[in-house]
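Observations on the three-dimensional arrangement
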Amino acid sequence: MLMKYILNADEMKKVDEYSISGVGIPSVVLMERAALSVTGHIVEHIDKTAARIICICGSGNNGADGLAIARQLFLKGYKVDVFLNEGRHSTQEYRIQLNIIRNLGIQCIDDPDFSGYGVIVDALFGNGLSGSLKEKAACIVDNINKAHSKGAYVTAVDIPSGISATSGMVLGCAVKADTTVTFGYRKVGQLLYPGAAYCGNLITADIGFAEYKDMPKNKYVYEESDAAKNIIKRKPDSNKGSCGKALIIAGSKQYGGAAVLASQAAYRMGAGLVKLITHSDNRNIVLNNNVECLLDIYSDGEFLEPEASVIWSDAICIGPGLSKCDMALKYVRYIAERTDKKRLFDADALNISVEKQITFRGNNVVVTPHIGEMSRLTGKSIADIKADITGTAVSYAREHNCTFLIMGRCRRLFCRFRFCCLFPHCFQNRRAPFRSLFQPGKGIKCPLRITVNGGYKSALHFESTFEHPGNLSIFFCVCLRRFSLNSKAHIFEMPLHFVIFRTESVNSGNSPVVGLHTFFCCTLNGLQHRSDM
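Owing to the predicted nature of the structure, the values given are computational and were not obtained by experimental measurement.

What counts and how
Residues numbered from 1 in each chain as written. Predicted model: local features only at pLDDT ≥ 70, side-chain atom pairs only at ≥ 80, totals over all residues. Heavy atoms only, no water. 1 Å grid on protein atoms, 1.4 Å probe; cavity = no way out; pocket = protein on both sides within 12 Å on 5 of 7 lines; lining within 4 Å. Points joined across faces, edges and corners; volume = space filled by probe spheres on them. Helix = DSSP H or I, 4+ residues; strand = E, 2+ residues; numbered from the N terminus. Nonpolar A, V, L, I, M, F, W, Y, C, P; charged D, E, K, R; others polar. Pairing = 2+ DSSP bridges. Contact = heavy atoms within 4.5 Å. Axes fitted to C-alpha atoms, helices over the stretch in contact; angles between N-to-C directions. Salt bridge = Lys/Arg side-chain N within 4 Å of Asp/Glu carboxyl O. Buried < 20%, exposed > 50% of the residue type's maximum accessible area, 1.4 Å probe, protein only. Patch = residues over 30% accessible without salt bridge, like charges linked within 9 Å, V, L, I, M, F, W, Y side chains within 5 Å. Areas by Shrake-Rupley, 256 points an atom, 1.4 Å probe, with all protein chains shown as cover.

**Remarks on the layout of surface pockets**
When its volume is computed, the largest pocket comes out at roughly 1300 Å³. As for the largest pocket, its lining consists of 44 residues, and the residues nearest its centre are Gly 60, Asn 61, Phe 125, Gly 126 and Gly 128. Listing elements by their share of the lining of the largest pocket, those giving two or more residues are helix H1 (9-22), helix H2 (27-45), helix H3 (61-75) and helix H5 (135-149). In terms of residue count, H1 provides more of the lining of the largest pocket than any other element does, seven residues in total. In terms of residue class, the lining of the largest pocket is built from 15 nonpolar, 19 polar and 10 charged.

**Overview of the sheet that holds strand S5 (residues 119-123)**
With respect to topology, seven strands assemble into an open sheet ordered S4-S3-S2-S5-S6-S7-S9, the strand pairing being parallel. The strands lining the two open edges of the sheet, one partner per strand, are strand S4 (107-108) and strand S9 (201-205). Alignment of strand S7 (residues 179-183) against S9, held across five bridges, turns out to be parallel. Following the sheet pairing, Thr 180 is matched in S9 by Leu 202. Packing against the sheet, H2 makes contact with strand S2 (53-57), S5, strand S6 (153-157), S7 and S9, and its axis sits at approximately 155 degrees to S7.

**A look at the pattern of salt bridges**
Counted by the stated rule, this structure contains 10 salt bridges. In this structure, Asp 300 engages Lys 253 in a salt bridge whose closest nitrogen and oxygen atoms are separated by 2.9 Å. Of this pair, Asp 300 sits in the loop between strand S13 (294-298) and helix H11 (307-312) while Lys 253 sits in the loop between strand S11 (245-249) and helix H9 (256-268), and the two are 47 residues apart along the sequence. Relative accessible area serves as the criterion here: at 40%, Lys 253 is assigned to the partly exposed category. If you follow the salt bridges from partner to partner, you end up with Glu 307, Arg 338 and Asp 340 in one network.

**Quick look at a nonpolar patch on the surface**
Nonpolar side chains collect at one region of the surface, where Val 28, Val 29 and Ile 96 lie side by side and expose about 200 Å² of accessible area between them. Within the secondary structure layout, Val 29 lies in helix H2. Judged by its relative accessible area of 38%, Val 29 is partly exposed.

Right under this line is the structure:
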């Protein structure tokens with residue numbers, strides 16, 4: 001595996017200290033390499049005659065990096081100024097770098113007009129920031145963002161100033177960067193919202209850090225090449241009966257579309273056979289849109305006994321568009337007791353479980369709430385959940401021994417049966433047609449990050465940037481199939497670039513079905529790539 005570890009602020013501090021004090025790598029050596037990585041990015045993208053550059057530096061080591069960057073750019077012929085936001089204390093490295101730029105005659109501006117610069121290097125604060133920005137720093141950040149809104153290109157050094165490297169929260173206010181060059185390891189706060197939105201294009205530069213003995217390796221970036229190895233292809237002699245049987249209980253007479261989306265997405269994700277239990281009013285719309293689907297229907301006041309279908313199935317999904325009627329309650333109670341099956345509870349199944357205090361028994365349980373449903377499940381406010389999305393998700397999954405996924409409009413995903421998945425940075429253009437993601441002959445390409453927590457069933461969180469209700473059915477077969485796990489936790493990232501659907505499967509007038517409720521397909525033992533889709 002080509003995994004790259006992800007650290008929080010405290011873990012990154014220990015790496016830095018160990019590299020310097022334990023191994024003996026001089027701090028200025030690491031600083032020079034860090035500065036070179038940022039300088040290299042700017043030189044690659046910015047013509048020296050095109051724009052003036054200003055490096056905005058605090059008085060810590062992040063500011064020292066900024067001073068080193070200013071010196072390197074100056075020596076390469078760029079027009080560079082420096083603005084110093086000096087505090088009461090400064091580091092030795094900062095004083096060394098400041099002395100060098102003064103000897104070179106690089107100008108330090110006391111009260112610059114940031115809008116007069118084409119490139120701004122943000123080196124105010126780094127990973128160590130923990131409290132809200134004070135008034136002077138907040139004013140500087142505001143001026144940087146105003147210049148950014150007028151077209152200035154902003155490059156953040158290690159992390160945008162004002163973003164927590166551990167939680168991704170905005171500490172009062174934060175710099176909105178076009179590019180962030182981070183050093184050694186990506187930080188958790190760069191992968192969680194709102195922090196991910198402030199980083200822009202995130203680049204990880206290897207500057208020569210050494211790993212300390214007990215460095216946590218339970219969070220990592222998972223590479224594209226690793227993902228490709230985990231796509232299971234159907235055997236030439238397979239048939240629909242050997243590739244997994246999915247039972248979906250979805251769609252009241254008011255919400256027939258949910259039944260269509262769930263059944264279509266189940267087939268698209270590789271289920272060999274899909275049976276749908278739905279209201280009789282949905283019969284025509286289901287068969288008109290998904291002719292492969294097996295269908296059992298019930299009418300108002302008529303409970304269709306699901307026992308035979310449950311025995312037939314490998315995995316069960318219940319809840320999409322089910323409503324909260326008495327019939328839906330009976331189905332939820334019935335499926336909640338079936339500990340012999342892999343089950344996913346979504347939408348109204350979750351609402352019913354909260355209102356009627358129904359417990360999902362057994363180990364093979366997946367729940368897929370959006371953040372409002374998550375609030376009802378946990379009893380926490382939406383604001384509290386957003387403030388600690390990872391802690392809330394993992395805590396709930398651990399307490400209820402389930403696989404847990406939260407969906408909303410964002411770019412995050414947490415956890416799966418025995419591990420936790422985190423997906424920031426999915427799609428950049430929320431309104432772009434879904435079919436534009438398809439690459440001829442290659443399938444889908446999009447960035448993806450996953451965090452995994454092992455040792456217990458943890459939490460999964462996904463938030464889509466599309467107007468469509470969900471994209472999960474496209475990639476969960478990758479993140480939830482065939483990974484070798486131990487008792488550790490993991491984070492991995494990859495650009496999702498592999499064949500799930502063939503390009504020809506996308507009709508010009510219709511986007512692929514991508515219902516979140518089809519997450520249950522990942523639990524099918526026989527889930528495999530369909531070469532004919």
